[in-house]
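Here are the chains, one letter per residue:
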2 protein chains.
Amino acid sequence: MKSAAKATQAEDSAETSTQLIRDSIREAIVERRLSPGTKLSENDVGNLFNVSRTLARAALQALSYEGLVSVAKNRGAFVAYPSPDEARQIFAARRLVEPGILREAAARITADDISQLKQLLLEEGRLMSERGQTARRAEIKASGDFHLRLAEISGNAIMQRFMEELVARSSLVIALYGQSTVSSCGHSEHGDIIAAIEGDDLDRACRLMLHHIAHIEADLDLRERKSLGLKEAFEL
Amino acid sequence: MKSAAKATQAEDSAETSTQLIRDSIREAIVERRLSPGTKLSENDVGNLFNVSRTLARAALQALSYEGLVSVAKNRGAFVAYPSPDEARQIFAARRLVEPGILREAAARITADDISQLKQLLLEEGRLMSERGQTARRAEIKASGDFHLRLAEISGNAIMQRFMEELVARSSLVIALYGQSTVSSCGHSEHGDIIAAIEGDDLDRACRLMLHHIAHIEADLDLRERKSLGLKEAFEL
DNA sequence: AAGCAGATGATCGTATACAATTCATTCGGC
DNA sequence: GCCGAATGAATTGTATACGATCATCTGCTT
C-alpha cells in the first residue's frame, strides 16, 4: 500500500461541516456582513446551519483561534471588536512579514502567476467602478486576495495561513476604524507593486509594499470607540 | 464604569480546563515526552485528565490549529509528524520574521529586559552542563524561551503568538530530523545576539539571528523518514 | 421614586448516548 | 497456501441532556 504516509497535514478535502460553518462565518465577517461586536450564539449558529450546538461551538472556537471572534466565558461568542492597540499590532505584523513574503514570492514567481495577478487587479478595478452592496463586498475580498495570492506564490503554507489571518483581521479593523468610504486599499498601489516585481526591482517592490500598508493604516482613526456595550450593537 | 469595554480579546485568565489540557499536551510535545506520530485518542486524553471526550476533543482541535497535532478524519489525532518540506517552511518562516521581531524588540527593550534575558542564558547554560532527562527537557524549553522572550519584548501579541507556534513546531522538527545529540541551538549564539543588542548594533544582531537559525537548520537531516505507519510508532 | 433582592429565562459548560466509520481478524473460496 | 469478503471491536462524528452561570425583570423596602 502506498498510502500510510502523509498523515501529517491530513486534509482529505472538505473535512467536515464544521469547516463549512467556520468558512461561511469567516467570509461573512471579512465581507462585513457581520459587524464587530455582533453576538454569535451557539444556538443561532447551529440552527442557521442545521447542526447541533456541538458543531456550532466547534466552529466558533476555531474562529476565536484566528482572532475573528472573541469568546467570553459563560457569555458567548461575538464578532471580534479589535482595540486600537490590537489594530496597530495587526498592521505592525503586516509590515513585518509582507516584505519578506514579497521577496520569497518574487523569487518563485512565474509568468503565469503574474498574469493571474494582473487578472485579479483587473477584476478589482472593475468592482471598484461598480455600484451596489454585492460589488462592494466582492471588492473588499478582491483587495485582500492580492496580498493572499502573493503569500500563496511564496510557497510557504505557514506564512500563507498567517497572512490569511492578518488579512481577515485587517478587514475587521478597517470596518471599525476606517474613515474614507473608499473601503479597500489603494488599488493602483497593487499594480505598482506588480510592476516593480516584473522589473526585477525587489527593493522598490518592498518599499512600495510598506508604503501601501502605511497608506491603509493612515486611513484609520484609531481612537477608542465607546465600545457600545456589545448589546446595543445589534439589539438597538 | 470602566469595564464594559474589553470584550475584545476576552481572556479573564485561566479560562477552562480545556486550556489546561491543551497546554499540558503542548508542553509534553515541546519537551519531547511525546514523539511525533504518537496517537492521541480522545478517550485516552479524556481519561488522563479526568474529563469527558468533549473536552479532550476540544483540546486536540486547538492543538491542531497550532500545527502540533494532526487530526485525520475518522481516524483520530496524532502528534504532528512534519514532513521535510514542512520543516523547511517552518524555518523559512522563522528566518522571515525573527529579524523583524528582533528589531522591534530592540527598539523597546529595557535594561531590566536585558538582565532578564541574561538570566535566562545563565539558566540555559547551567542546564546544558547537567545530566539527566529532566535537565535535558528543561534545556530544550529554555532554548526556545529565549526566542519567545524576544517576541514578548517586541510588544506585539500577534507576533508573539505566531512565534510560539513556530518555536513549538521547531521542537517537533528537531526531534524528528535533528542529528547532533546537542539538542538545542547553539547556546553561545544567544549570548552574541544579546551583546549585539546591547551594543546597539542592530544590523549585526539581525545577521547573528539569521546565522543562528541557519545553524539550527544545518543540523537537520531533512530526508523523508519512512513515516513508520503511525501505528508501529507506538504499538511496536 | 430610587435602589436592591430574589426569581425567571436564556445561554453556556460538560457529560453522556447513539450512529457512522475504520481497522483488525477470521472465515471461506480458489 | 494465499487472497478476498464478512464480521466484530474500537474509535470517531454528532446530537441531546442536564447542571451552572449570567442577564433581565419583577416586587419589595427605604
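Residues numbered from 1 in each chain as written. Chains lettered and ligands numbered in written order. Predicted model: local features only at pLDDT ≥ 70, side-chain atom pairs only at ≥ 80, totals over all residues.

In the annotation of an unreviewed UniProt entry, the entry for chain A reads DNA-binding GntR family transcriptional regulator, and the organism field reads Rhizobium esperanzae.

Asks: I'm lost on the overall build of chain A in this one. Help?
Replies: Along its length, chain A carries ten helices and three strands. Starting at the N terminus, the α and β elements of chain A follow one another as α-β-α-α-β-β-α-α-α-α-α-α-α. Classification of the 236 residues of chain A by burial places 39% in the buried group. Sequence-distant contacts in chain A: of pairs separated by 6 or more residues, those separated by 24 or more amount to 72%. (Helix = DSSP H or I, 4+ residues; strand = E, 2+ residues; numbered from the N terminus. Buried ≥ 20, exposed ≤ 12 C-beta atoms within 10 Å, placed from the backbone. Contact = placed C-beta atoms within 7 Å.)

Asks: What should I look at first to understand the protein's contact with DNA strand C in this one?
Replies: Around DNA strand C, the structure places 20 residues, and the nearest of them are Glu42(A), Gly76(A), Ser52(B), Thr54(B) and Asn74(B). When the residues that make up the surface near DNA strand C are grouped by side-chain class, the tally is three nonpolar, eleven polar and six charged. (Near = placed C-beta within 6 Å. Nonpolar A, V, L, I, M, F, W, Y, C, P; charged D, E, K, R; others polar.)

Asks: I would appreciate a short explanation of the protein's contact with DNA strand D in the present structure.
Replies: The immediate surroundings of DNA strand D are formed by 19 residues, with Ser52(A), Thr54(A), Asn74(A), Ser41(B) and Gly76(B) found nearest. Residue assignment for the surface near DNA strand D shows that the elements contributing at least two residues are α1 (17-30) and α3 (53-65) of chain A together with α2 (42-49) of chain B. Sorting elements by how many residues they give to the surface near DNA strand D places α3(A) first, with three residues.

Asks: Looking at this structure, I do not really get the domain arrangement of chain A. What am I missing?
Replies: A common way to express how large an interface is: the accessible area buried when the components associate. All names here are of chain A. Considered domain by domain, chain A is made up of domain 1 (17-81) and domain 2 (84-218). Just the C-alpha atoms count here: the centres of domain 1 and domain 2 sit 25 Å apart. Listed per partner, the contact involves eleven residues of domain 1 and ten residues of domain 2. In terms of residue class, the side of domain 1 that touches domain 2 is built from five nonpolar, two polar and four charged. (Domains from an automatic or database assignment.)

Asks: Explain the pairing of strand β3 (residues 76-79) of chain B to me, please; I cannot follow it from the model alone.
Replies: Walk down a regular strand and you will see the side chains alternate between the two sheet faces. Residues and elements named next belong to chain B. Two elements, strand β1 (residues 39-40) and β3, share two bridges in a ladder whose sense is antiparallel. Residue pairing in the sheet places Lys39 in a bridge with Phe78 of β3. For strand β2 (residues 69-72) and β3, the ladder comprises four bridges, and the chain directions are antiparallel. Looking across to β3, one finds that Ser70 is bridged to Phe78. Counted along the chain from β2 to the antiparallel partner β3, the turn is three residues long, and its residue Asn74 has a positive phi close to 65°. (Pairing = 2+ DSSP bridges.)

Asks: Any chance you could explain the environment of Ala56(A) here in plain terms?
Replies: Residue and element names in this part refer to chain A. Along the chain, Ala56 turns up in helix α3. In this structure Ala56 comes out as buried when scored by C-beta crowding, with 24 C-beta atoms within 10 Å. On a C-alpha basis, the gap between Ala56 and Val45 in space is 5.8 Å, while along the polypeptide they are eleven residues apart. Not counting residues up to four positions away in its chain, the partners in contact with Ala56 are Ile21, Glu42, Val45, Gly46 and Val51.

Asks: Explanation requested: the sheet that holds strand β2 (residues 69-72) of chain A in the structure shown.
Replies: Across a sheet, paired strands are connected by hydrogen bonds in the backbone, their directions being either parallel or antiparallel. Pairing in this open sheet of three strands is antiparallel, and the strands run β1-β3-β2 (chain A) from one edge to the other. Both edges of this open sheet fall to β1 (39-40) and β2 of chain A, since each of them pairs with a single strand only.

Asks: Honestly, helix α9 (residues 202-218) of chain A in this entry has me stumped. Any pointers?
Replies: Because the α-helix completes a turn every 3.6 residues, residues three or four places apart line up on one side. Over its 17 residues, α9(A) extends 24 Å from the first C-alpha to the last, a length consistent with the 24 Å expected when each residue adds 1.5 Å. Next to the buried residues of α9(A) lie α4 (84-108) and α8 (187-198) of chain A. (Expected span 1.5 Å × (residues − 1).)

Asks: Please explain the packing of α4(A) against helix α6 (residues 133-154) of chain A as it appears in this structure.
Replies: The relative placement of two packed helices is expressed as an angle between their axes plus a distance between the axes. All names here are of chain A. At a closest axis distance of 7 Å, the pairing of α4 and α6 adopts a crossing angle of 55°. On the basis of their axis angle, the class for α4 and α6 is oblique. Crossing of α4 against α6: the hand is left-handed. Of α6, the residues touching α4 (which contributes Glu98, Ile101, Leu102, Glu104, Ala105 and Arg108) are His147, Leu150, Ala151, Ile153 and Ser154. Each residue belonging to the contact of α4 with α6 can be placed in one class, and the counts come to six nonpolar, two polar and three charged. (Axes fitted to C-alpha atoms, helices over the stretch in contact; angles between N-to-C directions. Parallel < 35°, antiparallel > 145°, perpendicular 65-115°, else oblique. Left-handed = near helix turned anticlockwise from the far one by under 90°.)

Asks: How should the sheet that holds β1(B) be read in this particular structure?
Replies: Residue and element names in this part refer to chain B. Overall, antiparallel pairing links the three strands, which are arranged β1-β3-β2 in an open sheet. Strands with a single pairing partner mark the edges of an open sheet, and in this sheet they are β1 and β2. Where helix α3 (residues 53-65) meets the sheet, its contacts fall on β1, β2 and β3, and the angle it forms with β2 comes to roughly 115°.

Asks: What exactly am I supposed to notice about helix α8 (residues 187-198) of chain B here?
Replies: Residues and elements named next belong to chain B. With twelve residues, α8 should cover 16 Å at 1.5 Å per step; its first-to-last C-alpha distance of 17 Å lies within 8% of that length. Buried positions along α8 lie against α4 (84-108), α5 (111-129), α6 (133-154) and α9 (202-218). Positive backbone phi, at 60°, marks Asp200, one or two positions downstream of α8.

Asks: What's the story with the nonpolar core in this structure? I'm lost.
Replies: Within soluble globular proteins, side chains that are nonpolar tend to cluster in buried spots. Of all hydrophobic cores here, the largest spans 113 residues; its most connected members are Ala59(A), Val69(A), Ala59(B) and Val69(B). Discounting chain neighbours no more than four positions away, the residues touching Ala59(B) are Thr18(B), Ile21(B), Arg22(B), Ile25(B) and Val45(B). (Core = buried A, V, L, I, M, F, W, Y, C linked by C-beta atoms within 7 Å.)

Asks: Whenever I open this one, the environment of Lys141(A) confuses me. Can you help?
Replies: All names here are of chain A. By secondary structure assignment, the location of Lys141 is in helix α6. Classification of Lys141 by C-beta neighbours within 10 Å gives partly exposed; the count is 19. Residue contacts for Lys141: discarding those within four places in its chain leaves Val30 and Glu31.

Asks: Could you clarify how one ought to interpret the packing of α2(B) against α3(B) in this entry?
Replies: All names here are of chain B. The N-to-C vectors of α2 and α3 enclose an angle of 110°; their axes lie 8 Å apart at closest approach. Comparing the axis directions of α2 and α3 gives the class roughly perpendicular. Of α3, the residues touching α2 (which contributes Glu42, Asn43, Val45 and Gly46) are Arg53, Leu55, Ala56, Arg57, Ala59 and Leu60. Counted by class, the contact of α2 with α3 contains five nonpolar, two polar and three charged residues.

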